[in-house]
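Notes for the structure review
If you want the building blocks of each chain, they are given just below.
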Amino acid sequence: MQSQYAAAANVPLIKSPALRVPPPVKLPPDIHPLPDSVTPYFVYPFTLESHVLALESSRRNTIAAHAVRREALLRARDDERQRRKREALRRVAPGFEENGAVLMPVRVKTDIHNASNDTAGEQQPSAARSVDGATNGQGQVGTVDDLADQLARLNTQQYQPPRP
């Protein structure tokens, strides 16, 4: 039985009459045909396996070392940033700790003779007392006593004869 489109099968489908169908390709007689199965052509060279595995382990070690170095650098950078911030805060408020208790300044009671013999003008360091009442081994000095000590020190320094 013939198809109803059998006559149209030989009609070329080219729009322009100036173009024509190319001639069929003629294969040379000595061409090598493809085999029925191509699986023999896909042979994996296992000689490269050890080389690839050695490169992969060294690559992973390098990446791990870089990650450790990067983490150390970032940690050092953060520590340096925190240290600078603490130093800036301590310049404004000496003895300041971010997580520490609130500090209250307390003068250290000094001997009047030691203060008058101090010709270099060095000041005694002040102790700090936290809000919870713990002192640094010194008793709390009242503001009136502190003022009296400072006035006595000024009087002894003013009337002391110069040393030869």
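For the structure given in this document, a descriptive report is provided here. The structure displayed is predicted, hence computed values, not measured ones. (Residues numbered from 1 in each chain as written. Predicted model: local features only at pLDDT ≥ 70, side-chain atom pairs only at ≥ 80, totals over all residues. Heavy atoms only, no water.)

Right, let's get into the packing of aromatic side chains. Within this structure, the stated rule accounts for one aromatic pair. Taking the centre distance of 4.8 Å and the plane angle of 75° together, the rings of Tyr44 and Phe46 count as edge-to-face. Judged by relative accessible area, which is 46%, Tyr44 ranks as partly exposed. On the basis of relative accessibility, which here comes to 64%, the residue Phe46 falls in the exposed class. (Phe/Tyr/Trp six-rings, centres within 6.5 Å; stacked < 30°, edge-to-face > 60°. Buried < 20%, exposed > 50% of the residue type's maximum accessible area, 1.4 Å probe, protein only.)

A few words on the pattern of salt bridges. Enumeration according to the criterion identifies six salt bridges in this entry. With its nearest N and O atoms 3.3 Å apart, the salt bridge here joins Glu80 to Arg84. Of this pair, Glu80 and Arg84 are both found in helix α1 (residues 49-92), four residues apart, which corresponds to roughly one turn of the helix. Using a relative accessible area of 28% as the deciding quantity, one classes Glu80 as partly exposed. (Salt bridge = Lys/Arg side-chain N within 4 Å of Asp/Glu carboxyl O. Helix = DSSP H or I, 4+ residues; strand = E, 2+ residues; numbered from the N terminus.)

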